[in-house]
Amino acid sequence: MSMSLGCLEKVNVRQIWGSEANDFTPWLARRENLDILGETIGIKLEHAAIEKNVGPFRADILCKDTTTGCWVLVENQLERTDHIHLGQLLTYAAGLEAVTIVWIAALFTDEHRATLDWLNKITDEQYRFFGLELELWRIGDSSPAPKFNMVSKPKGWNRSSTRVATTLSAEDLTEIQKLQLDYWVQFHSFLKESQSFIKPKTPKGQHWMYFGIGCTGVSLCATIYNSGKRKQIGVDLYIDDSKAIFHLLHKDKIAIESEIGSPLKWSVLPGKKASRILLFRDDCDLSHADSWADYHGWMKEKLEKFWEVFRPRVKQLNVDDWSPPDSF
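Everything in this summary refers to the structure shown in the same document. Note that the coordinates shown come from a computational prediction; the quantities given were computed from them, not determined experimentally.

## Quick look at the nonpolar core
Step number 1: Membership of the largest hydrophobic core comes to 39 residues, with the highest contact counts inside it found for Leu237 and Leu249.
Step number 2: In this structure, Leu249 is in contact with Leu237, Ile239, Ile256, Trp266, Ile277, Phe310, Arg313, Val314 and Leu317, ignoring residues within four places of it in sequence.
Step number 3: In terms of nonpolar packing, the next biggest core, distinct from the first, is built from 25 residues, Val13, Leu28, Leu37 and Phe148 among them.

## With respect to helix H8 (residues 253–260)
Step number 1: Within H8 the residues assigned to the buried category are Ile256, Glu257 and Ile260. Along the axis of H8, the buried positions cluster into a sector of 95°, meaning they face one direction only. Exposed and oriented more than 90 degrees from the buried face of H8 are Ile254 and Ser258.

## Notes on the packing of helix H6 (residues 175–193) against helix H9 (residues 292–316)
Step number 1: Closest axis-to-axis distance for the H6/H9 pair is 10 Å, and the angle between their directions is 60°. Judged on the interaxial angle alone, H9 and H6 are oblique. The two elements H6 and H9 meet at a crossing, and its hand is right-handed. Listed contacts from H9 to Leu179, Asp182, Tyr183, Trp184, Gln186, Phe187, Phe190 and Leu191 of H6 are Trp292, Tyr295, His296, Gly297, Met299, Lys300 and Leu303.
Step number 2: Partitioning the contact of H6 with H9 into residue classes produces 10 nonpolar, three polar and two charged.

## What about the sheet that holds strand S11 (residues 265–267)?
Working definition: the strands of a sheet are paired by backbone hydrogen bonds and lie parallel or antiparallel to each other.
Step number 1: Strands sit in the order S8-S9-S10-S12-S11 across an open sheet of five strands; the sheet is antiparallel. Edge positions in the sheet fall to strand S8 (208–215) and S11, since each has one partner strand and no second. For this sheet, the mean angle separating the axes of adjacent strands, direction not counted, is 20°.
Step number 2: Note that S11 and strand S12 (residues 275–281) share three bridges and pair antiparallel. Within S12, the position partnered with Trp266 by the bridge is Ile277.
Step number 3: Seen against the sheet, helix H7 (residues 243–250) touches strand S9 (218–227), strand S10 (230–239), S11 and S12 and runs at an angle of roughly 55° to S12.

## A word on unusual backbone geometry
Step number 1: Located in the positive-phi region is Gln195, a residue other than glycine, with phi close to 55°.
Step number 2: Positionally, Gln195 belongs in the loop between H6 and S8.
Step number 3: Judged by relative accessible area, Gln195 falls into the exposed class, the value being 71%.
Step number 4: Phi is positive for Asp283, close to 55°, though the residue is something other than glycine.
Step number 5: Residue placement: Asp283 occurs in the loop between S12 and H9.

## Side note on the packing of aromatic side chains
Step number 1: For the structure shown, the criterion picks out 15 aromatic pairs.
Step number 2: Measuring from ring centre to ring centre gives 4.9 Å for Trp17 and Phe24, while their planes differ by 75°; the resulting arrangement is edge-to-face.
Step number 3: Residue Trp17 is classed as buried on the basis of its relative accessible area, which comes to 6%.
Step number 4: Phe24 gets classed as buried once you look at its relative accessible area, which sits at 0%.
Step number 5: Among the aromatic residues, ring-to-ring pairing joins Tyr183, Trp184, Phe187, Phe190, Phe211 and Trp292 into one connected group.
Step number 6: Between the NZ or CZ atom of Lys64 and the centre of the ring of Trp71, over which it lies, the distance is 4.3 Å.
Step number 7: One residue, Arg230, lies across the ring of Tyr225, its end atom 3.6 Å from the ring centre.

## Notes on the packing of H8 against H9
Step number 1: Between H8 and H9, the least distance of the axes is 9 Å, while the angle of their chain directions is 150°. The orientation of H8 relative to H9 falls into the category roughly antiparallel. For the pair H8 and H9, the crossing hand works out as right-handed. On H9, the residues touching Ala255, Ile256, Glu259 and Ile260 of H8 are Lys305, Phe306, Val309, Phe310 and Arg313.
Step number 2: Here the residues of the contact of H8 with H9 are counted per class, giving six nonpolar, no polar and three charged.

## Overview of the pattern of salt bridges
Opposite charge on two side chains permits them to pair, given that their charged atoms come into close proximity.
Step number 1: What the rule picks out here adds up to 19 salt bridges.
Step number 2: One salt bridge connects Asp35 with Arg31, and the closest N-O pair in it is separated by 3.0 Å. Highlighted residues: Asp35 and Arg31, both in helix H3 (residues 31–41), separated by four residues, approximately one helical turn.
Step number 3: Owing to a relative accessible area of 31%, Asp35 belongs among the partly exposed residues under this scheme.
Step number 4: Accessibility expressed as a relative area gives 38% for Arg31, which makes it partly exposed.
Step number 5: Here Glu308 ties to Lys305 by a salt bridge, and the two come within 4.0 Å at their closest N and O atoms. With Glu308 and Lys305 both in helix H9, this residue pair falls three residues apart, about one helical turn.
Step number 6: Shared partners join several salt bridges into a network, and the residues in it are Arg14, Glu20 and Glu79.

Rules used throughout
Residues numbered from 1 in each chain as written. Predicted model: local features only at pLDDT ≥ 70, side-chain atom pairs only at ≥ 80, totals over all residues. Heavy atoms only, no water. Core = buried A, V, L, I, M, F, W, Y, C linked by side-chain atoms within 4.5 Å. Buried < 20%, exposed > 50% of the residue type's maximum accessible area, 1.4 Å probe, protein only. Contact = heavy atoms within 4.5 Å. Helix = DSSP H or I, 4+ residues; strand = E, 2+ residues; numbered from the N terminus. Arc of directions from axis to C-beta. Axes fitted to C-alpha atoms, helices over the stretch in contact; angles between N-to-C directions. Parallel < 35°, antiparallel > 145°, perpendicular 65-115°, else oblique. Left-handed = near helix turned anticlockwise from the far one by under 90°. Nonpolar A, V, L, I, M, F, W, Y, C, P; charged D, E, K, R; others polar. Pairing = 2+ DSSP bridges. Phe/Tyr/Trp six-rings, centres within 6.5 Å; stacked < 30°, edge-to-face > 60°. Lys NZ or Arg CZ within 6 Å of the ring centre and 35° of its normal. Salt bridge = Lys/Arg side-chain N within 4 Å of Asp/Glu carboxyl O.

Shape descriptors only; they carry no functional weight alone.
The structure is reproduced here in structure tokens:
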């Protein structure tokens, strides 16, 4: 049986988008198109602003990495890359304190591709530079379809793999830090294998691991304690530098604890900028590795519950609704 096949035809991007600012940027900022971009670079993106002011300049698109809560800067260019846009990219990234920088262009020169590769090489792993070439393709009379081709990415970056690394070599770790690192590496794999929507960061030899929830200044934290008489694991909502968020959530304490299914420890941390809302499980000895699977399951369940209960509440809060009380 013979089948007639169509031919792919490349479309000039300028035939579809005459202006970067008026046509392409608003198109890319739509949810469905940011999803395509996010899928390409392996980051779940949440739109924050278009044409964001950075001093006298304007950045094209500013997004949030919903996993970490960090800024993602997207700079667009429907032509060959040039030095002007490279300078703008670095200026905007510095002014906005973005940790992920995405440069989209119709064509990358070898020099600018090499520049992004060099930036990925010399910066800390928390800073990531992506270079993407934009193409449009269609078959016959079909609507053009966008395609992002990654021409530069952080070293070792793979959107489908677990990036497990540590800033300390094994020789630099104490015995308890080695145990903690081993626990978090296995928990990292557990979350990936169970396809949890909770996205872990790089495991390290410490007693905590943070998880972004897409809300600035607020994150989830998992903790393990295995010293002296303290044998606990726990999860908590960590609120950095906003007593208002803590107190506004505390007003809904009864409903929150009912949804979580457990009483929580509400720790305002007087004298400190941060506050925490915690849940602990006692009698968890980290030295018993055969119990780790049980601990991992409990942590995953509670982290997901904290995400579901706290995230929508935090996103709806208006910190201006709270004024400091005489006492708590």
